[in-house]
Amino acid sequence: MASTPPTWSSSVEAPGCREMYLGARENVKSTIDKSSMVLKNCARDLANCNVMEKPHILALKPGDKSGIHSAFAPIIEKHFTIISNDEFIKDKQRWADKVQAVFVWCAVPEVNRDLLQALPNLKAVINGGVGVDHLDIPLISSFGVKVTNTPNVVNNATADLGMTLLQASARKVIQGYKTVISPDITEYLQSEIGYDISGATLGIIGMGRIGYQVAKRAKGFDMKILYHNRNRRKEEEEKAVGAHYCETMDDLLRESDFVMLVVDLSPQTHRLIGKRELSLMKRTATLINISRGLVVDQDALVEALGTGLIHAAALDVTYPERLPRDHPLLKLDNVLIVPHMGTHTYQTTQALVERMVANALAILNGQPPLDEVKASK
């Protein structure tokens, strides 16, 4: 099912771009190759065990609202029988003993104590994506059930969207589009003037796998890159992307033209950016959030945007998702919001689904999964 990676076109030359492209392509190819190897090995083991029927998993029906795109259903159905969440709810007695794994996509199905107690033969909870803040890992583990996620697979697509949001907000792309299609506007508006990206300062809060990919892309725009992280990167890693470490987040906030949040949601990062932090930012600064909605105090953000404390915000995540239609964020002209679509590309979704399948097959075969998430001690 893996699609052939596109070839490099010399018409897109820029310093470092070819190397970054080829490196990203190799990372995706390597991830798909590893997943494919596990799939083949596990499928062989299942065949050797004379398994007469495919294992059953509980998941949203592919193609349903919030479910895995229907185009990728064959990847799952090749190895598993899918019991949809609706089917399970209608006839729990029929399906409860059969389900051996739960595939969680967009935080659904909810894996709570009631569900865990209802599935006596459950062995795995397989999460699509990196973040597992919606899963109670200690609770799930207490039932002897393993949890996996899909790190690395999402790095490039999420970093791409972060830079997309930065550029679209800085250059007022959405406002320009609305002007072009509006029957009531006969001339371009001065309010559509934006800010330069090249030469601007980007502050990255959270320099993990995705944050580092953001830095690689920002380097191509000749941006000055600052970052704050729990642990400082190696000197050679900093030099490779031209990044400068800030000991305190406050220093980064004061100096940055664009601040991008790329952290996991945890008790330490819950409302990491609040009224005080927003007040430290430049009045011309833009906040970009590609992590989790709860990393930002949304009420404080509404106030900061409404009073001009900061220039703009570009958000892939909010809380809740989807926002109520009367939410004040939706009434502001200086905020750009997209529906948590950082990983929503065909290539990345395929790699995600293949990784989920590989993790599930490994666990059901008694082998260590590629990406187990264990409860913190």
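Here's what I pulled together on the structure shown here. (Residues numbered from 1 in each chain as written. Predicted model: local features only at pLDDT ≥ 70, side-chain atom pairs only at ≥ 80, totals over all residues. Heavy atoms only, no water.)

Tallying secondary structure elements over the chain gives 14 helices and 12 strands in all. For the chain, the proportion of its 377 residues judged to be buried stands at 47%. The contacts in the chain between residues at least 6 apart in sequence include a share of 65% that link residues at least 24 apart. On the chain, roughly 19,700 Å² of surface is accessible, and the fraction owed to carbon and sulfur atoms is 51%. (Helix = DSSP H or I, 4+ residues; strand = E, 2+ residues; numbered from the N terminus. Buried < 20%, exposed > 50% of the residue type's maximum accessible area, 1.4 Å probe, protein only. Contact = heavy atoms within 4.5 Å. Areas by Shrake-Rupley, 256 points an atom, 1.4 Å probe, with all protein chains shown as cover.)

Per the counting criterion, the structure on display carries 3 aromatic pairs. Here the aromatic rings of Phe80 and Phe103 are separated by 5.8 Å at their centres, their planes lie at 65°, and the arrangement is edge-to-face. In this pair, Phe80 is assigned in the loop between α2 (73-77) and β2 (81-84) and Phe103 in strand β3 (residues 99-104), connecting sequence segments 23 residues apart. Phe80 gets classed as buried once you look at its relative accessible area, which sits at 1%. With a relative accessible area of 2%, Phe103 lands in the buried category. (Phe/Tyr/Trp six-rings, centres within 6.5 Å; stacked < 30°, edge-to-face > 60°.)

To continue, consider helix α7 (residues 155-170). Given a rise of 1.5 Å per residue, 16 residues ought to cover 22 Å, and the 23 Å separating the end C-alpha atoms of α7 matches this to within 8%. With 13 of 16 residues buried, α7 lies mostly within the body of the structure. Two residues or fewer after α7 comes Lys172, characterised by a positive phi angle close to 50°. (Expected span 1.5 Å × (residues − 1).)

Before going further, it helps to spend a moment on unusual backbone geometry. For the bond from Tyr319 to Pro320, the omega torsion is -5°, close enough to zero to count as cis. Residues Glu321 and Arg322 are joined by a peptide bond in cis, for which omega reads 5°. On the secondary structure map, Arg322 appears in the loop between β11 (312-315) and β12 (335-337). For Asp222, which is not glycine, the phi torsion reads 55° and is therefore positive. Looking at the element boundaries, Asp222 is found in the loop between α9 (209-219) and β7 (224-228). Its identity as a non-glycine residue notwithstanding, Arg271 has a phi of 55°, on the positive side. Secondary-structure assignment places Arg271 in the loop between β9 (258-261) and α12 (275-280).

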